[in-house]
Structures are given as structure tokens and as C-alpha cells.
Amino acid sequence: MLERLSNRRLAFVGDSIGRNQWESLLCLLSIAVTNKSSIYEVNRRLLTKHTGFLVFKFAEFNCTIEYYRAPYLVLQSRPPAGSPKQVRTTLKLDKMDWGSVKWKGADLIVFNSGLRSYFTCDFAPCQL
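What you see is a predicted model; the values in this text were computed from it and never measured. (Residues numbered from 1 in each chain as written. Predicted model: local features only at pLDDT ≥ 70, side-chain atom pairs only at ≥ 80, totals over all residues. Heavy atoms only, no water.)

Draft legend 1. Summary view of the pairing of strand β3 (residues 53–58). Judged by how many residues are buried, β3 sits mostly within the fold: 6 of 6 residues are covered. Burial along β3 is two-sided: the residues Phe53, Val55 and Lys57 and Leu54, Phe56 and Phe58 are all buried. Across 3 bridges, strand β2 (residues 39–41) lies against β3 in antiparallel orientation. The residue bridging Tyr40 from the neighbouring strand is Lys57, located in β3. As defined by bridge partners, β3 adjoins strand β4 (residues 63–69) across 6 bridges and the pair is classed as antiparallel. Bridged to Val55 within β4 is Glu66. Once β3 ends, the chain turns through 4 residues before running back antiparallel as β4, passing Asn62 with a positive phi of about 50°. (Buried < 20%, exposed > 50% of the residue type's maximum accessible area, 1.4 Å probe, protein only. Helix = DSSP H or I, 4+ residues; strand = E, 2+ residues; numbered from the N terminus. Pairing = 2+ DSSP bridges.)

What follows is the structure in C-alpha cells.
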């Protein structure tokens, strides 16, 4: 797989599900590399759950495996003026997440966003 990714960027974009897939792929691919020091995070960041993005380079193959946190894939924003108090955030479905400029130009993108349980409705049936 590393040979096929040679000179390419693979980006995972989404929530914790995508993060887990990204971490698993990093582990699997790193086994195939004998020189472990040739694998590094390009910004010298530690692997933490609170980082918005991480980019690991496999120098021997000149490829990167990247993760960008974007739980909704689209822009999450403040509610419009005059919204009811219950409305604390909005999703702008016509605009991509702010981080999308970072994954633009990737050769392969894996989008992932699990269904959120944040939706509540005072009426039935609930429309998402």
C-alpha cells in the first residue's frame, strides 16, 4: 500500500471514527517500514485527542497520511440573531468546515462523520 501511496497525500476527514481508522492505518503501515525514524509528524506534534489535524510523513515513500477533525464536515456556527434560546449552534450545509483548505489538494480523501445524537425534537416524528 505504501508503494501505491508513493508521492501522494491520503487524508482522513471527520470525527472520532475517522480518527480511529487513521490511527489504525498508521500502525499497519508503520510495520512495513524498517527505518522508524523516517516516519514523523510534520509539525512535530504529539498524538493527542485535542489536536485539530495531524500529518504523518512516510519519508521513504514521500507520502503523507493526514487526519483533519471535522465532526460535521460542514461549517458549525453560532445561531442567527433572534433564535430561540434552545438553539445553541447551527450547521451551514452550503459551506465546508474551516479546515477544508488544509485537505484541499489531497490525492485521496476518506470522509467520515457518524450520526450525532445531539438532535432533540419536541415533536414527533423527529426530522434530521
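Having seen it, we continue.
Draft legend 2. Structural detail: the environment of Ser77. As for its placement among the helices and strands, Ser77 is situated in strand β5 (residues 74–77). Those residues within four positions of Ser77 in sequence are excluded, and the remaining contacts are Thr89, Thr90 and Lys92. (Contact = heavy atoms within 4.5 Å.)

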